[in-house]
Structures are given as structure tokens and as C-alpha cells.
Amino acid sequence: MIDSCFVNSNVEFVKGTKFALVYNFNDNNAYHVNETGYDILQLISKGESLKTIVNMLSLKYSEKKSVVYATVNDFISSCLESNIIVTSNLERSPVELSSNNRLREIWCEITSECNLRCLHCYAEAGSKTKNIPVELPKEFWISTINQITQYGCKSLQITGGEPLIRKDCVDIIDNIIHGDVLVELYSNLTLFDINKFKHLSEKLSIATTILGPNASIHDSITGVRGSFDKTTRAISQCANEGFRLRANMIIMKRNSDYVDQTRQVIHSLGVKNFGTDYIRAVGRGSQTNGYYGFERKLHVPKYHVSQSQFYYNKQFNSCWGHKFVISSNGDVMPCIFARSQVIGNISKTGFTNLISKMHNEVWSITLDKVDQCKDCEFRYSCHDCRPLAITEGGGLYSPSPRCGYDPYTGSMHQSKPVE
């Protein structure tokens, strides 16, 4: 055994109930270790000599020193090969912590009206039974969005409802798309006029939802005949004009057997970026006609995380941290799926006060504050979703119901039926 060693300055380790996770930021990978391995790393980081480590572990586990010596030696050898432990003590470089003011992403719901009646719609857009709030004028959105970009926000999404229902949608985008700010239009594209958007092909990203590989499935979910043909035609036009495109599929009972076929259709239209999500129990999505009756795959813990994301997750929520939604009437929420979590109204509360409230009330909810997750070694690499905990779990501080890992047993579950 070597005389002395040190934990690499680019390594962090996090203790869970059953196991610990060693984060090696030299390659951005993470490694599971048991309690003994965690004890060894802890003692090395505290500057204990290897002789002292063997003596302490021998007492703790009531084991012969020769056996402990062999265990420690094997573990250190493995850590040296992985560059988790080094033989020379290098000072830890200071980590630049995330700014409390820089915004990451903002969704702007410029209308709550929609020409479709999708089964999964979290906002219940266009519902005849819902009281449609008064929409805010074009000048409000231009002024507010430009103020947001001054706070360092580089990612904006213009959405609804269906944003193209507003005749001034193009005008709004023309007045906010500048510099290095990334603007995305999220639309069902059934009202899309390529001639009105051609001049934005190099600046604007476009996203849409596709719900099946054919009109029969897609239109049965949107509730409007002909919507599949209009959406796919617009996708082809946008691809031909060189727009940055992505398409999402919301998986529910009606289309869960057609994911691969839908992906093939999207790729054939010239869209490489295709994503999926399961239907959320929000708005119309909570109704039994779409939400129940099929099996969901559960999330697998992440063994790969960057150093900057690791430290961000220690300070702020990994998903909705430094993000928020402005609804069509000015209400501000931390996420499009957190409709019940209204923090204030941007027209009444004021932008600066809202930022402060967001920081104190929602952005600071790390997994250290969440039941079960606080006992998990993956808590600084996991991508959290508080809206799922609210709608499908037990509340704001409940663990995600779609996580398949049990930190108390160290075991994984692959899927969960929704009945």
C-alpha cells in the first residue's frame, strides 16, 4: 500500500442511505460505492493516514486488521486507476457558483385560446367550459420579454394555447428576437403560414406536437379532423426553409403502441429532434380518457453529470430553477405543468418582486428538502420534476412518482402500471 494519498480535487462524494455515489468530474461520471468505500474516502479527505484508516475501520466493523488492510488496499488501487484518488495533493479549484439572477428559460403563453381540443392539454386551452381570461396586449409582451432578456435569459418560448391564433404573433416575435437570445415558437402548426415566417428561418426555432403516425390516431387525440395533415405539411415546409425543428409526442393509452412509427414519420419529414413524454395529470390530461390504462417506464438514475450542473443542483431545483411561465393573463408559475402554483401576477406584483418570490418559494427547493430524495445518493445528479410530485405524488415535497430507484434498498424498478 502507498504511504499517503488524497482525494482528487475534481471529485465529490454523496452519501445515501444504502450506498454512496462518487462523482468524478475529470470524466463527468459517477460510481457507486458501499458504506466501507465511503468511509475510506471520507477519512482520506480528512487527512487521516492509511494506518489510522485501517485501525478505525477495524474497530468499526469488528474485523481483523489484516482483512481491513486488504480491503482498503484493493479499494485505493481501484480509485487510483479511476483517478478518484491521487498521490499528490492538488488544491481544489474554486467552483463558480450560479448567479441568483440569471434566468435560464421563460415560457410566454401569449393566449389561452386554441383551435384544437387535445385530450392531454395541461392548460385546458380553448375549453368552452373554461372562463377565458383577457389576453395581454402586444406591447406588454414585447416590453416584458425585453426586460427578461436584460436579466440574462437566453432562452424564450412563445406558446399558448395556440399562439398563431393571435394575428400579432409574428409582430411579437419580430420585436423580441435579437442578439444571442434563442426564441422558440411552440405551435400545433395547423394555422402556420410559411410566407409570414420565411424571414425568420435563420433566427427562430419551431417546436410542435405529433400524436401518432397517421391522421386516424393524431386527429382522435386533437379532436379536430384534418389536423394531422395540416401539421405535417407545415413541418415539411419549415424543414425545407431551414428552420431549427423539434417534435414531441405525448404518450397515452390511445397512442402508446405507436411511438416508433411516429418517430419514423417525423424523421421522414426532415426533423431529427424527436422527444417523448408521458401524459401529465394536469388539465384535460387528468381525465380518464387519456391518463389511465397503460404502463409507464420509470426513470433510471443518472451516472453522468457535469460539475457545473452538480453544484447548481446543490443550490437550486434541477428543473424549474431560474425558470418560470407567464400565462396569458400575467399569472406567473414555475412550470407549465404547475398550474396551481401561481406565485403572483407580473402586471401587479412587479418583475423584481416576482424574481425574489420565485427564488425563495420554488427555485430553492432542492432534493435535499424532498422526502426520500434527501436520503438518495443521486440527489445532485437527478433531474427533478416537482409538478409530477404535486399531481401524481403526495405534494410539493414528495418524491417523484416516476423514479424507479429505492435509496433504502439500492434496487431499481423498471415500470409502473397506471390503472
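See the structure printed just above.
Residues numbered from 1 in each chain as written. Predicted model: local features only at pLDDT ≥ 70, side-chain atom pairs only at ≥ 80, totals over all residues. Heavy atoms only, no water.

(A) Structural view of the sheet that holds strand E15 (residues 344-345). Spatial ordering of the open sheet is given by E11-E10-E9-E8-E7-E6-E13-E14-E15, a layout of 9 strands whose pairing is mixed. In this open sheet, the two strands that pair with only one neighbour each are strand E11 (273-278) and E15. One ladder, built from 2 bridges, connects strand E14 (residues 331-333) with E15; its direction is antiparallel. Bridging from a neighbouring strand, valine 332 pairs with glycine 344 of E15. Strands strand E10 (244-251) and E11 of the sheet are contacted by helix H9 (residues 259-268), whose axis makes an angle of about 150 degrees with E11. (Pairing = 2+ DSSP bridges. Helix = DSSP H or I, 4+ residues; strand = E, 2+ residues; numbered from the N terminus. Contact = heavy atoms within 4.5 Å. Axes fitted to C-alpha atoms, helices over the stretch in contact; angles between N-to-C directions.)

(B) Representation of the nonpolar core. Grouped together as the largest cluster of nonpolar side chains are 76 residues, with contacts concentrated most on Phe197, Leu204 and Phe324. When residues in this core are grouped by element, the largest group, 6 residues, is from helix H12 (residues 351-363). Once residues within four sequence positions are removed from consideration, phenylalanine 197 is found in contact with Leu164, Val170, Ile173, Leu185, Phe192, Leu204 and Phe243. Val33, Ile53, Leu57 and Phe75 belong to the second largest nonpolar core, which has 23 residues in total. (Core = buried A, V, L, I, M, F, W, Y, C linked by side-chain atoms within 4.5 Å. Buried < 20%, exposed > 50% of the residue type's maximum accessible area, 1.4 Å probe, protein only.)

(C) View of the packing of helix H1 (residues 35-45) against helix H3 (residues 65-81). Between H1 and H3, the least distance of the axes is 11 Å, while the angle of their chain directions is 75 degrees. Put simply, H1 runs roughly perpendicular to H3. Counting all contacts with H1, which are made through Thr36, Gly37, Ile40, Leu41 and Ile44, the residues of H3 involved are Thr71, Val72, Phe75 and Ile76. Here the residues of the contact of H1 with H3 are counted per class, giving 6 nonpolar, 3 polar and no charged. (Parallel < 35°, antiparallel > 145°, perpendicular 65-115°, else oblique. Nonpolar A, V, L, I, M, F, W, Y, C, P; charged D, E, K, R; others polar.)

(D) The arrangement of the packing of aromatic side chains in detail. Tallying each qualifying case throughout the model produces 15 aromatic pairs. Between tyrosine 312 and phenylalanine 316 the ring centres are 5.1 Å apart and the planes differ by 45 degrees, which places this aromatic pair in the tilted class. Using a relative accessible area of 7% as the deciding quantity, one classes tyrosine 312 as buried. We classify phenylalanine 316 as buried; its relative accessible area is 3%. Here arginine 280 stacks its cationic end above the ring of phenylalanine 337, 4.2 Å away from the centre of that ring. (Phe/Tyr/Trp six-rings, centres within 6.5 Å; stacked < 30°, edge-to-face > 60°. Lys NZ or Arg CZ within 6 Å of the ring centre and 35° of its normal.)

(E) Geometry of the pairing of E11. The pairing of E10 with E11 spans 6 bridges and is parallel. What sits directly across from isoleucine 250, in E11, is aspartate 277. Crossover handedness for the path E10 to H9 to E11: right-handed. (Right-handed = clockwise from strand over helix to strand, strands pointing away.)

(F) Structural view of the pairing of strand E2 (residues 11-15). In terms of burial, E2 is a largely internal element, 4 of the 5 residues being buried. In this structure, E2 lies alongside strand E3 (residues 20-24), joined through 5 bridges in antiparallel fashion. Paired with valine 11 across the bridge in E3 is asparagine 24. The turn joining E2 and E3, which pair antiparallel and follow one another in sequence, is formed by 4 residues.

By themselves, these figures tell us nothing about what the structure is for.
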